[in-house]
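# Inside the fold
The chain contents come next:
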Amino acid sequence: MGECGTSDIKITQTVVKEVKGVFEYEVEILNHCESCAVSNLVINCKEFQTIEPVDPLLCKELGDSICLINGGDIITPGIPFRFRYAWERPASFTPRKLFTKCSP
């Protein structure tokens, strides 16, 4: 068993509908590390804006184009974590740092 890192986090976005003339995106974050739960996931969220409110427990802007995901709580391996936002164009989301707790 090895440590997991940001390369084990996959972030995808899908257009789900149109809201007030702009696209609503569903962001899916998936932890691909089979033996480790991830917490305190911070992502780069450059150009993240929305016309819809996003629950800060799902995605909270911390400043300097970084966001905290899931209130810092665990993202379990293989179980997608999702949130939605609506804007003219998709934001750029990439994993920045995280904490892992691995099973033996």
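Rules used throughout
Residues numbered from 1 in each chain as written. Predicted model: local features only at pLDDT ≥ 70, side-chain atom pairs only at ≥ 80, totals over all residues. Heavy atoms only, no water. Helix = DSSP H or I, 4+ residues; strand = E, 2+ residues; numbered from the N terminus. Buried < 20%, exposed > 50% of the residue type's maximum accessible area, 1.4 Å probe, protein only. Contact = heavy atoms within 4.5 Å. Pairing = 2+ DSSP bridges. Axes fitted to C-alpha atoms, helices over the stretch in contact; angles between N-to-C directions. Phe/Tyr/Trp six-rings, centres within 6.5 Å; stacked < 30°, edge-to-face > 60°. Disulfide = S-S within 2.5 Å.

This part takes up the side chain of threonine 100. For threonine 100, the position within the fold is in strand 7 (residues 92–102). Note on threonine 100: relative accessible area 13%, which makes it buried. Not counting residues within four places of it along the chain, the set of residues in contact with threonine 100 comprises Glu3, Cys4, Cys36, Ala37 and Val38.

Here the focus is the sheet that holds strand 7. Across the sheet, which stays open at both edges, the four strands sit in the order 4-5-3-7 with antiparallel pairing between neighbours. A single partner strand is all that each edge strand has here, and the edge strands are strand 4 (59–63) and strand 7. Neighbour to neighbour, the strand axes of the sheet diverge by 30° on average, direction disregarded. For strand 3 (residues 36–46) and strand 5 (residues 66–69), the ladder comprises three bridges, and the chain directions are antiparallel. Opposite asparagine 44, over in strand 5, you have isoleucine 66 as the bridge partner.

This next bit is on unusual backbone geometry. One non-glycine residue, glutamate 47, adopts positive backbone phi at about 65°. Here glutamate 47 shows up in the loop between strand 3 and strand 4.

Sheets are built from strands paired through backbone hydrogen bonds, the pairs being either parallel or antiparallel. If you walk across this open sheet you meet the three strands as 1-2-6, and the pairing is antiparallel. Taken across any chain shown, the strands that pair with only one partner, and hence form the sheet edges, are strand 1 (9–19) and strand 6 (81–87). In this sheet, adjacent strand axes meet at a mean angle of 25° when their direction is disregarded.

A separate point is the packing of aromatic side chains. Within the structure shown, the criterion is met by seven aromatic pairs. Arranged with centres 6.0 Å apart and planes meeting at 80°, the rings of phenylalanine 83 and phenylalanine 93 form a pair that is edge-to-face. Taken as a pair, phenylalanine 83 in strand 6 and phenylalanine 93 in strand 7 lie far apart in primary sequence, 10 residues in all. On the accessibility criterion, phenylalanine 83 (2% relative accessible area) is buried.

A few words on the state of the cysteines. Chemically, a disulfide is nothing more than a covalent bond linking the sulfur atoms of two cysteines. Under the criterion given, the structure shown has three disulfides. At a sulfur-sulfur separation of 2.1 Å, the disulfide partner of cysteine 45 is cysteine 67. Between cysteine 45 and cysteine 67, the S-S dihedral sits near 85°, and the bridge is therefore right-handed. On the criterion of sequence distance, the pair formed by cysteine 45 in strand 3 and cysteine 67 in strand 5 is long-range, its members being 22 residues apart. Considered together, cysteine 45 and cysteine 67 belong to a single accessibility category, that of buried residues. Along the protein, the cysteines engaged in disulfide bonds are linked according to the scheme 1-2, 3-6, 4-5 when indexed in sequence order. Not part of a disulfide, cysteine 59 finds its nearest cysteine sulfur in cysteine 67, a span of 4.0 Å.

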